Amino acid sequence: MKKSNLKDIIVNVKNLDVIFKKKKIIHEVSFQVFKGEIIGLFGISGAGKTTIIRVLTCQIKKKYWKGIVSVTNLSPKKKGNHSKILRNVGYVPQLELLNLYYDLSPLVNVEIFASNYGQKKEKARKIAKDLFTTLDIPEDTWKNPLEKLSGGEKKRVSMAIGLIHKPKILFLDEPTTLINYLN
Amino acid sequence: MNISGLVRKELGRLRSDKRTLILLFAIPLILIIIFGLTSGGGPSEFFRAAIITKDDMDCFDNFPSNSTEYDNVFVSVFQDNLTSFGLETYYNVSTEFAYNNAYIECERMLKNEIIDVFILLPENFSETIENDVNTDLIYFIDASNLQAVKSINVSMLEPIAQFKLRIGKTANFTMIIPYLEFEVPFWESQVLNYAFALTIPLIIIGTTMNLSCLSIVSEGPLPRMLITPTSKRSIILSKLIANSLIMILQAGEIFVATAIFGLYCLGSLYELFLVFLAIGLCGVSMGLFISSISKTDQQANQLYLVFFIIVLLFSGQFVSVGNLPPSMQAIIYSFPLGHGIPLTLDITLKGLPMNFALFSGLLIISAVYVVLAYSFYLFKKVEV
């Protein structure tokens, strides 16, 4: 990986400050992520790891943060960029209940999210099946309501949803909670 | 916007929650069945009657003849199988003394609830009929029973109609019934149709508002949806479409159920259904608004109850709208039932065409609530 090539920078964060109610939550954070690179954010509880992801996924309004931030060379500061950024971003939240409709099946869940990226039902279903196989989700559970699946299986369906549109960047917010070591 | 996928999601979620789905359709049906069955197909009660006829007594009016033939016909009508009345006894009196005794006996039976009503045929009963002059029909009711007073007024139409048929005369009766222009024929479901204009819009508003009032606040993954290229506008729109589709089915169910239980509609059924839909749309929009401003399910449920009570109180049924100051009138007309009830009443009982101003009012109210729901949701802090 040629880190020196600026064109390969996919996430750029420079001097990021996040301020809520006059309290600085994030202070002068800078980092860069290159294509194909995997990085981890480490810190104590409340350090602001999730807040950084929220800035990068356009969840925090620009009035609450300052600094130079770009995701796939687009700034989340411009509202017009949000849709383009989010097309390239996959996200798996810490709590899968924020990502899944428990009353629906894994396949339908994936179809719902896939339709937000403009994918047709058939294509979404095919990709979903491939992802479920890769993530080792038992086939006999694909059409059952999610509430009947185990915690680990739900987590893997949540991951599949994050990957359904083949994103350029995948944000995993503590993704291994509830996954057993065999998986 | 990927509305179709979001709409499919909404419908899929509703379909998967079978218990809620059943309730959505069962509640209006149960309410209508209660209204329908409590009234049946005809008058709401069966009354026991006594008749005192003074027709044999001398007639003091200046009539060219002195006839006594029609009181027997009137009594025989009551002796036959009427759906609303049964004859306990009758007194054919020819003297004032006999009349007084009959009157005292009838009063005793009324007090002891042996009879519900006693009818007095005056001395000139047959003469007035024969000479096409208005006939007085006096009936005594226990006035403490307000429901009976109201019902007997309506039920009296049946023996009168039968009597007219038997004697082949129709012109010489003046029926004095309150609100004659809103009259529901005795063979139609009385309670359902007189209560229809208030209860049916209320049922529609209640069920549709309930349908959508949790749709935003209770959907856990909704914030996650916003980390996709989906906009808040698409989410609100998809919820409006999906809930409106369910609402159309609900309105259709209510329409059919009321027809089965004796809907009496002088006007256009098509226009009545359109009014149902417009009221339902208001309910869905108000529910979305409640859902967008609530932070928890409990808040949404409480707000639903508050809104339902406000909608009911501002329906214009408990106060005379015309007598209120303009500001209060404006408040009443900013809620859907202020438009929905007069519209329903006009179409069903008066047979009038749909009032376009009132109908537009309903559409404007629903549009305003959708815009408000969107605006509140737009500025709501939503994070995963």
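Residues numbered from 1 in each chain as written. Chains lettered and ligands numbered in written order. Predicted model: local features only at pLDDT ≥ 70, side-chain atom pairs only at ≥ 80, totals over all residues. Heavy atoms only, no water.

Undergrad: Just checking my understanding: could you explain a nonpolar patch on the surface for this structure?
TA: A cluster of nonpolar side chains, namely L237(B), I241(B), L245(B) and I248(B), defines an oily patch on the protein surface of about 290 Å² accessible area. As for its placement among the helices and strands, L245(B) is situated in helix α10 (residues 232-260). (Patch = residues over 30% accessible without salt bridge, like charges linked within 9 Å, V, L, I, M, F, W, Y side chains within 5 Å. Areas by Shrake-Rupley, 256 points an atom, 1.4 Å probe, with all protein chains shown as cover. Salt bridge = Lys/Arg side-chain N within 4 Å of Asp/Glu carboxyl O. Helix = DSSP H or I, 4+ residues; strand = E, 2+ residues; numbered from the N terminus.)

Undergrad: Looking at this structure, I do not really get the domain arrangement of chain A. What am I missing?
TA: Here chain A is described as being made up of domain 1 (6-79) and domain 2 (96-172). Using C-alpha coordinates to define each centre, domain 1 of chain A is positioned 27 Å away from domain 2 of chain A. (Domains from an automatic or database assignment.)

Undergrad: What's the story with the pairing of strand β5 (residues 169-172) of chain A in this structure? I'm lost.
TA: All names here are of chain A. Burial along β5 is one-sided: the face carrying I169 and F171 is buried and the face carrying L170 and L172 is not. Here four bridges tie strand β4 (residues 89-92) to β5, and the two strands are oriented parallel to one another. The partner of Y91 across the bridge, within β5, is F171. (Buried < 20%, exposed > 50% of the residue type's maximum accessible area, 1.4 Å probe, protein only. Pairing = 2+ DSSP bridges.)

Undergrad: Got a minute to help me understand the sheet that holds strand β3 (residues 117-121) of chain B in this structure?
TA: Strand pairing in a sheet relies on backbone hydrogen bonds, with the paired strands running either antiparallel or parallel. All names here are of chain B. Spatially, the four strands line up as an open sheet ordered β2-β1-β3-β4, and their pairing is mixed. The sheet is open, and its two edges are formed by β2 (85-92) and β4 (138-141), each paired on a single side. The average undirected angle you get between the axes of adjacent strands in this sheet is 20°. Note: strand β1 (residues 47-53) against β2, seven bridges, orientation parallel. Along β2, the bridge assignment pairs A50 with T89. On the sheet, helix α3 (residues 70-79) packs against β1, β2 and β3 and is oriented at approximately 145° with respect to β2. (Axes fitted to C-alpha atoms, helices over the stretch in contact; angles between N-to-C directions. Contact = heavy atoms within 4.5 Å.)

Undergrad: So what exactly am I meant to see when it comes to the sheet that holds strand β2 (residues 23-34) of chain A here?
TA: Residues and elements named next belong to chain A. An order of β2-β1-β3 is seen for the three strands of this open sheet, with the pairing classed as antiparallel. Whereas interior strands pair on both sides, the edge strands pair on one side only; in this sheet they are β2 and β3 (65-71). The mean inter-strand angle of the sheet, taken between neighbouring strand axes irrespective of direction, is 10°. When strand β1 (residues 9-20) meets β2, the two strands line up antiparallel, connected through eight bridges. Along β2, the bridge assignment pairs I9 with F34.

Undergrad: Got a minute to help me understand the environment of L86(A) in this structure?
TA: When you line up the elements, L86(A) lands in helix α2 (residues 82-87). Beyond its immediate chain neighbours, meaning those up to four positions away, L86(A) contacts T57(A), C58(A), Y117(A), H165(A), L226(B), I227(B), T228(B) and P229(B).

Undergrad: Please clarify how the interface of chain B and chain A should be interpreted in this entry.
TA: Buried accessible area, meaning the area lost when the parts come together, often serves as the stated size of an interface. At the interface, 23 residues of chain B touch 26 residues of chain A. Buried area between chain B and chain A, both sides added, is near 2300 Å², and the carbon and sulfur share of it is 56%. Area buried by chain B at its contact with chain A is led by R224(B), I227(B) and V384(B), which between them contribute 30% of it. Across the chain B-chain A interface, the total number found is one salt bridge. We note a salt bridge from D103(A) to R13(B), for which the minimum N-O separation is 3.8 Å. (Buried area = accessible area lost by both parts, 1.4 Å probe.)

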